[in-house]
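If you want the building blocks of each chain, they are given just below.
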Amino acid sequence: MQSKNLKKSYKFALRTALYVTLFTTVLVSAFLHFYHAINWHLVFYPLLCFPLCFFIIQYRVERFIYKRVKKIYDDLTLLESTSLRQQPITTDMGTLTKEIDKYAKNKKFEIETLKIREEYRKEFIGNVSHELKTPLFTVQSYLLTLLDGGIEDEKIRKKYLTRASKGVERLTYIIKDLDMITKLEVGDLSLEKENFDIVKLVQSVFDLFEMKAAKKNITLIFDIDYPKPIMVYADKERIQQVLTNLIVNSIKYGREKGTTEVSIENLIKNKAIIRVTDNGEGIAKANLQRLFERFYRVDKSGSRKEGGSGLGLSIVKHIIEAHEEKIYIESQLGVGSEFSFTLEKSK
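Residues numbered from 1 in each chain as written. Predicted model: local features only at pLDDT ≥ 70, side-chain atom pairs only at ≥ 80, totals over all residues. Heavy atoms only, no water.

Peer 1: Got a sec to walk through the packing of helix α8 (residues 236-252) against helix α11 (residues 312-322)? Specific residues and values, please.
Peer 2: Packed helices, taken two at a time, are described by the angle between their axes plus the distance between the axes. For the pair α8 and α11, the least separation of the axes is 9 Å and the interaxial angle reads 145 degrees. Classified by chirality, the crossing of α11 by α8 is left-handed. Touching Arg-238, Ile-239, Gln-241, Val-242, Asn-245, Leu-246 and Asn-249 of α8 are Gly-312, Leu-313, Ile-315, Val-316, Ile-319 and Ile-320, all from α11. Class assignment of the residues belonging to the contact of α8 with α11 gives a composition of 8 nonpolar, 4 polar and 1 charged. (Axes fitted to C-alpha atoms, helices over the stretch in contact; angles between N-to-C directions. Helix = DSSP H or I, 4+ residues; strand = E, 2+ residues; numbered from the N terminus. Left-handed = near helix turned anticlockwise from the far one by under 90°. Contact = heavy atoms within 4.5 Å. Nonpolar A, V, L, I, M, F, W, Y, C, P; charged D, E, K, R; others polar.)

Peer 1: Give me the UniProt feature "transmembrane region" (unreviewed entry) in the protein chain: which residues, what numbers.
Peer 2: The sites that carry the UniProt feature "transmembrane region" (unreviewed entry) are, in the present numbering, residues 12-36 and 42-61. Along residues 42-61, the helical share is 90% and the strand share 0%, with 29 Å between the first and last C-alpha atoms. (UniProt positions renumbered as here; feature names shortened; annotations may be inferred.)

Peer 1: I'd like a description of a positive patch on the surface, backed by residues and values.
Peer 2: On the surface, Arg-60, Arg-63, Lys-67 and Arg-68 cluster together into a patch of positive charge. Structurally, Arg-63 is set in helix α2 (residues 44-78). The class of Arg-63 is partly exposed, set by a relative accessible area of 36%. (Patch = residues over 30% accessible without salt bridge, like charges linked within 9 Å, V, L, I, M, F, W, Y side chains within 5 Å. Areas by Shrake-Rupley, 256 points an atom, 1.4 Å probe, with all protein chains shown as cover. Salt bridge = Lys/Arg side-chain N within 4 Å of Asp/Glu carboxyl O. Lys, Arg positive; Asp, Glu negative; His and termini not counted. Charge placed at Lys NZ, Arg CZ, Asp CG, Glu CD. Buried < 20%, exposed > 50% of the residue type's maximum accessible area, 1.4 Å probe, protein only.)

Peer 1: Lay out the packing of helix α6 (residues 198-208) against α8 in plain terms, naming residues and giving numbers.
Peer 2: As a packed pair, α6 and α8 sit with axes 10 Å apart at the nearest point and diverge in direction by 50 degrees. As judged from the angle between their axes, α6 and α8 are oblique. Once α6 is placed against α8, the crossing between them reads as right-handed. Along its contact with α6, which presents Ile-198, Leu-201, Val-202, Val-205, Phe-206 and Leu-208, the element α8 presents Lys-236, Ile-239, Gln-240, Leu-243, Thr-244 and Ile-247. When grouped by side-chain class, the residues that make up the contact of α6 with α8 number 9 nonpolar, 2 polar and 1 charged. (Parallel < 35°, antiparallel > 145°, perpendicular 65-115°, else oblique.)

Dropping the structure here:
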């Protein structure tokens, strides 16, 4: 490889030196022949001329190219090309072309990534603004009504203060959930892993939301009876939060007299997979890729009537990824949805 690069690097100088040597040898021979002075000493001329020409040409070309190439490196350095800065300056045009091409591709990728992030940032700020604005304006309007005289009427006072309290509660949910996502993303929220029975945890979440499900005649069930405990190793409180979000969502978007079913299966030797399945509205394929984004809503209007921060699924994804596990979703519009996630089984 090194010899190949050497040949490539010195090809120009070698060829030029050869041409100069041949040309001058012929010229000198013709000159001496004209004066009838040719002798055997002429043999030494090309032997001396060729290496001398080679070194002079190589040196001059190297210096000529080096100055211009160095300027290219300096210009690229101003653009913070760390990859070029770490390498010695090359005067080989092929190598330089590859380096600059690679640099250009990397910069193009960086620009595209920044554009995507900028779009995401704008959308995120817009969503945060909208989510905070709605409950804030609601609370403000109720309080202003009370200040304008409504506080004198006991019925209006109680009614509006209750609604204002719900608005503040919604703001609290949003701020707490945003704080949790931020901590999960930067790794500040440590997981307290322990061994626990996932069947028992699912049942406790069922008990918490039994009344909520009953209002829509939705039945919360296991796929089969689990007479024995299924022990997993994870942060119990965080996994309860995951199950709570998934089950509440299945109730929220479930159909009347529907079901929310949880199943627990062995995936591989040391992994279990927990599935939360409903026969509700389902989700269109176009929405599946963005479902775990902050504040992303499939139903822009209906979901707000049900409350919540709009961050539930994003939190679910971050908690599962913090456990170094996977979460999956399968859904068909009008048929239902299935969310599933893996957990490490206790050893």
